[in-house]
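# Reading the structure
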Amino acid sequence: MTAKEIINDFKENYGKVRKLLDEDSKNDPENNPYMSKYKAKEILINIRDSLTQLSNSEPSFDKIKLDAMLGTVLVNIGIIDMETEEMTASEKVLTEAEELLTPNSEKPEIVITLISAYNNLATLSQFFAEQNGFFQSRHHLAAASKILEQYELSLLETDNNDEAYLAKMETFKHRSADVARCWAKYCLLLMTASKARLMNDAERLNDAITDMSNLELEDTENICGGDMKQLVFADLDVAKYESKVTDKFLLTYADAREVFFNCQNWLNKAKEYYKLDTLASDYIELIQDSSQSYAYLAFFEEDDERRAKMHKRRIDMLEDLIKEINPTYYLQFCRQLWYELGEVYSEILNIKLDKINKSAEKPTPHALKKINMLCEKSIENYDNFLDSVKDKNGKMPRKLEYDIIRPVISAYAFIGRNSMKRIALDKSMQLNNIKQSYESYQSVVDICKSDEEAAAMMAEEFNLCQEMANILPIKIKMLESVQVS
């Protein structure tokens, strides 16, 4: 292949890689979560070999441009290795990329490469977070922000406004939005991990390692001496960015509130670039992230009324969003939004019911009406989600796709529970509520009896729903006999 053909081949194949990593990987099945990443890695290895061959056979080719492309490939391989938990391989290839890119780190081609490398930091941060590595996550994000700052300064020094400059400015805005999203993801992951730690490890709160220093790392290449804390960009001063948000677990509402506000600021910055009318999928994900940040903040809030208001903010933003998007084109997102709205209305419902149960006073008609409204809205959204899975005749598929088994069965179970939480003003209404509850529980039983995979995945829900489906017909007969008499 000629140099031109290899460059064109690089552009085409790298586009395939980004699609696999940015889009296809989100839909990988739970039983093969790295499928798209492995496919992307195979393509990247082929690109690497072609570029290495070009470097050896064409000494006249622009070395900086070649190093930028090869560096991009190596960084992506390193990130995939890290995400698939091949840590030693990841360290080796990322160090190779650093050695390749560092000598010309101020050249525009290299700067853009480095900026692009951080496009995947949300998932990279997720890997670190799973290992309690918030120190490393924050440091890498701070390095990305520092590189962007340097790049912006170089752009501002340019006097002309030609097409090349405008293209570079567009790249800067795009990557700035991406890094802002990564910072927001970092905040969400920190809040998620802190919540899980408080819920699951109440007896081990003194174990607060967030820098992976408790891990022993095989380091045959002597890259970091086996010390994960040494995986840093020593030549970059990133203190300004690191100081904005903690890398320690959150313990109190005050801790969570500070991280929450940082998260909102970064999400708002990302929304300056990602607009609903131009980049709808990205914008939808930003709203979903914003909703999740309120959910995690609500976990740390002890006042029930304030918690309910936080969930109401989630409802407002999600309902405003779903009014603007067409289910025909964004069905997967609509499903997610309907399901989440069902969950949020259920959260507020439980808060209101707890308040009534704790009070010695008789609930007001307004309070009872509120309970029923929350039940109805929750059920309505779960129904919308379930309807989107059914065929044109209103029937569920005989076998559910693997990825929707859990949400479908959970939605039916929630409808069953919330139907029974309605406040019935008479026996007829009570009977209707119980019948709807029974139908929902029975739907779970029917699905699990005809689908072994669903029954195995949702064994606990299956057993509970089966029990309720056996009990409720007795209640229904009792109420019907009372009405007859």
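Numbering of residues starts from 1 in every chain and runs along the sequence as written. Local features in this predicted model are restricted to residues whose pLDDT is 70 or higher, and side-chain atom pairs enter the listing and the counts only when it is 80 or higher, whereas totals over whole chains, interfaces and linings include all residues. Hydrogens are left out, water is left out, and the side-chain values use all remaining heavy atoms of the structure.

The protein has the name KIF-binding protein in an unreviewed UniProt entry, where Iphiclides podalirius is given as its organism. Taken from UniProt, the Sequence similarities (unreviewed entry) comment for the protein reads in full: "Belongs to the KIF-binding protein family." Its UniProt record, at the heading Subcellular location (unreviewed entry), says of the protein: "Cytoplasm, Cytoskeleton". UniProt positions are given in the numbering used here, feature names are shortened, and annotations may be inferred rather than shown by experiment.

### A word on the overall build of the protein
Helix and strand definitions here come from DSSP, where helices need a minimum of 4 consecutive H or I residues and strands a minimum of 2 consecutive E residues; each element is numbered from the N-terminal end. Along the protein, the regular secondary structure elements total 18 helices and zero strands. In this scheme, a residue with accessible area under 20% of its type's maximum is buried, one over 50% is exposed, and one in between is partly exposed, where area comes from a 1.4 Å probe on protein chains only. Expressed as a percentage of the 485 residues in the protein, the buried residues total 47%. In the protein, once contacts between residues fewer than 6 apart in sequence are set aside, the share between residues at least 24 apart is 71%. Only the protein chains shown count as cover for residues, and all accessible areas are computed by the Shrake-Rupley method using a 1.4 Å probe. Put simply, the protein shows about 25,700 Å² of open surface, and 49% of that area lies on carbon and sulfur atoms. Any two residues having at least one pair of non-hydrogen atoms within 4.5 Å are treated as being in contact.

### A closer look at the pattern of salt bridges
By definition here, a salt bridge exists when the distance from a side-chain nitrogen of Lys or Arg to a carboxyl oxygen of Asp or Glu is within 4 Å. Counting across every chain of the model gives 27 salt bridges. In this structure, K16 and E12 form a salt bridge, with 3.9 Å as the shortest nitrogen-oxygen distance. Of the two residues, K16 and E12 are both situated in helix α1 (residues 3-22); the distance of four residues between them amounts to about one turn of the helix. Looking at K16, the relative accessible area reads 41%, which means it is partly exposed. Look at the salt bridges and you will find they share partners, linking K41, D81 and E86 into a network.

### Quick word on helix α3 (residues 63-83)
Residues lying three or four places apart along an α-helix face the same way, a consequence of the helix completing one turn every 3.6 residues. Spanning 21 residues, α3 covers 30 Å between terminal C-alpha atoms, matching the ideal 30 Å at 1.5 Å per step. Most of α3 sits out of view: 18 of its 21 residues are buried. The first or second residue beyond α3 is E85, which carries a positive phi of 65°. A helix is expected to reach a length of 1.5 Å times the quantity of its residues less one.

### Notes on the side chain of K352
Along the chain, K352 turns up in helix α13 (residues 331-358). The class of K352 is buried, set by a relative accessible area of 19%. Each residue touching K352, except ones within four places of it in the same chain, is listed here: E305, A308, K370, I371 and L374.

### Section: the packing of aromatic side chains
Stacked, edge-to-face and tilted labels apply to pairs of Phe, Tyr and Trp rings (six-membered ring for Trp) whose centres lie within 6.5 Å, assigned for plane angles under 30 degrees, over 60, and everything in between, in that order. In total, this model carries 13 aromatic pairs according to the counting rule given. For the ring pair W183 and Y186, a centre distance of 6.1 Å and an interplane angle of 80° mean the geometry is edge-to-face. Of the two residues, W183 and Y186 both sit in helix α8 (residues 163-200), three residues apart, roughly one turn of that helix. A relative accessible area of 2% places W183 in the buried class. Of the aromatic side chains, those joined through ring pairs into one cluster are F134, W183, Y186, F249 and W266. Geometry around Y274 places R181 over its ring, the cationic atom sitting 5.1 Å from the centre. Ring-over charges, as used throughout, are those where CZ of Arg or NZ of Lys falls within 6 Å of the ring centre and within 35 degrees of the ring normal. Sitting over the face of the ring of F414, R417 holds its NZ or CZ atom 5.5 Å from the ring centroid.

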